[in-house]
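Examination of the molecular architecture
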Amino acid sequence: MEQTKKPRLNQDGITIHSKEDFEGMRRAGRLAAEVLDMIAEHVVPGVTTEYLDQLCHDYMVQNNSVPATLGYRGYPKSSCISINHVVCHGIPGAKIPKWKNDKNNRKDDTLFEGDILNIDVTCILDGWFGDNSRMYVAGKPKPYAQKLIQVTHDALMLSIDQVKPGNTFGDIGAAIQRYAEAQGYSVVRDFCGHGLGRVFHSAPNVLHYGNFGTGPVLEEGMFFTIEPMINIGTPHTKILSDDWTAITKDKSLSAQFEHSIGVTADGCEIFTLSPKGLFHPTY
Ligand code: MF3
Ligand code: CO
Ligand code: CO
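Residues numbered from 1 in each chain as written. Chains lettered and ligands numbered in written order. Predicted model: local features only at pLDDT ≥ 70, side-chain atom pairs only at ≥ 80, totals over all residues. Heavy atoms only, no water.

The number of helices and strands found in the protein is four helices and 17 strands. Projecting the C-alpha coordinates of the protein onto the three principal axes gives extents of approximately 55 × 45 × 35 Å. For the protein, buried positions account for 55% of its 283 residues. Contacts in the protein between residues at least 24 apart in sequence constitute 71% of all its contacts with a sequence separation of at least 6. Total accessible area on the protein is roughly 12100 Å²; 52% of this is exposed by carbon and sulfur atoms. Positive and negative side-chain charges in the protein, numbering 27 and 33 respectively, have mean positions lying 5 Å apart. (Helix = DSSP H or I, 4+ residues; strand = E, 2+ residues; numbered from the N terminus. Buried < 20%, exposed > 50% of the residue type's maximum accessible area, 1.4 Å probe, protein only. Contact = heavy atoms within 4.5 Å. Areas by Shrake-Rupley, 256 points an atom, 1.4 Å probe, with all protein chains shown as cover. Lys, Arg positive; Asp, Glu negative; His and termini not counted. Charge placed at Lys NZ, Arg CZ, Asp CG, Glu CD.)

What follows is the structure, given as C-alpha cells:
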C-alpha cells in the first residue's frame, strides 16, 4: 500500500503515529495474538517444532498476512521457537539443544514432557507489523519452571503499567529489572524490545533493565514492543553456530513474553491481547 504521509519523528528519532494508525496496529496485533491462541492446543509432548511453525505460517497466510520473520535477514522460518535454555530466535525444525538438567535423549525437534518454550510470531497485515510472543509448556511444568514463567509474565505486565505520556523508557526497564531481580532472577541485556509500526524494528531500543526517570520520554502515538527475557541463572548469552539461536551461557532456563503496544493520551493500548485469554499458559 502507498504511504500518503511522511511519518513524524520526535527529537529522539522516534516515530509519532496518528489516531488512524492505531487501527492498523490493532488489526495486525489481533491477528498476531490469534496465531498464538491457535497454536496453544498443539503444544504437547511428541509434537515437532517444524509442525508448530507450519501451523503458524498457514494461519498467517490464510488470514491475508505475511509472516515477517520468513526471509528476514536470512531467517528461514515463520516463527521463533525457543525451548528451555534457548533465550530467543530458536529455529523451528532444528535439533533441540540440551539444557543443564536435561534428562532427555534429543535427536531432533520433538518436544518432551515438561519442556517450556517461547513462540514468537510477527505478522504483516496491510503494511502494519504485529509482534508478540508467549510461553507454553509441553505437558506439565516443573515448579521451578512454572515460577520462572509467572515472574516473566508479571514483569512484562508491571512494565506496561509504566507506559503513559511523561514517563520514560527507563521506567519500563527499571520496573522489569526491579521485579525480576527481587525474585532472584536475572534480566538478559543482549536483546531488547523495539519500535515498530510500518517497519519491523525501529527506534528506540527498549531496554529491559535500567533506572527510573532516565531515557527518552514517552509520547502519545509511539508504538513499540516490550519483550523481557528472564533467566534463572546469569544474564549472559551466546549464539549457536547457526548464527541465530541464542542460549544462556550457563545453560539454565530462560523465559520471555512480548506485547506490541501504543502510547495513548492517558496510558497505553496493548495491540496483542489474547482474544481467548490465553496469554499466560494454562497447565
Ligand atoms: N519477533 C522477533 C522480535 O521480537 C524478531 C525475530 S527476527 C528473526 O523482535 F529473524 F529472528 F525471526
Ligand atoms: Co519484537
Ligand atoms: Co517477537
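This brings us to the coordination of the cobalt ion (ligand 2). Geometry reference: four tetrahedral donors at a metal, ideal angle 109.5 degrees. Six octahedral donors, ideal angles 90 or 180 degrees. With distances of 2.0 to 2.2 Å, the protein atoms coordinating the cobalt ion (ligand 2) are D131 (OD), H194 (NE2), E227 (OE) and E258 (OE). Mapped onto the sequence, the donors of the cobalt ion (ligand 2) take the spacing D-x62-H-x32-E-x30-E. Between the two metals, the cobalt ion (ligand 2) and the cobalt ion (ligand 3), the spacing is 3.3 Å, and D131 donates to both. Note that E227 is positioned in the loop between β11 (223-226) and β12 (229-231) and E258 in the loop between β15 (254-256) and β16 (259-263), a separation of 31 residues in sequence. Residues E227 and E258 agree in their burial class; the two are buried. (Donors = N, O, S within 2.8 Å, 3.2 Å for Na, K, Ca; no water.)

Now for the coordination of the cobalt ion (ligand 3). The coordination sphere of the cobalt ion (ligand 3), as far as protein atoms go, consists of D120 (OD), D120 (OD), D131 (OD) and E258 (OE), spread over 2.0 to 2.4 Å. Seen from the cobalt ion (ligand 3), its six donor atoms lie at angles of 58 to 169°, and the figure they make is irregular. Along the chain, the residues that donate to the cobalt ion (ligand 3) are spaced as D-x10-D-x126-E. (Tetrahedral: all angles 85-135°; square planar, octahedral: opposite > 155°, others 65-115°.)

If you trace the three strands from one edge of the open sheet to the other, you get β5-β14-β13, paired in antiparallel fashion. The open sheet terminates on both sides in strands that have one partner only, identified here as β5 (86-88) and β13 (237-239). The mean angle between the axes of side-by-side strands here comes to 40°, regardless of whether they run parallel or antiparallel. Bridge analysis of β5 against strand β14 (residues 246-248) gives two bridges, and the strand direction is antiparallel. Across the sheet, the residue bridging to C88 is A246, located in β14. (Pairing = 2+ DSSP bridges. Axes fitted to C-alpha atoms, helices over the stretch in contact; angles between N-to-C directions.)

One way to put it is that helix α1 (residues 19-39) packs onto helix α2 (residues 49-62) with a least axis distance of 10 Å and a crossing angle of 140°. Classified by the interaxial angle, the pair formed by α1 and α2 is oblique. Taken as a pair, α1 and α2 cross one another with a handedness that is right-handed. Only L52, L55, C56, Y59 and M60 of α2 make contact with α1, whose side of the interface consists of L31, E34, V35, M38 and I39. Counted by class, the contact of α1 with α2 contains nine nonpolar, no polar and one charged residues. (Parallel < 35°, antiparallel > 145°, perpendicular 65-115°, else oblique. Left-handed = near helix turned anticlockwise from the far one by under 90°. Nonpolar A, V, L, I, M, F, W, Y, C, P; charged D, E, K, R; others polar.)

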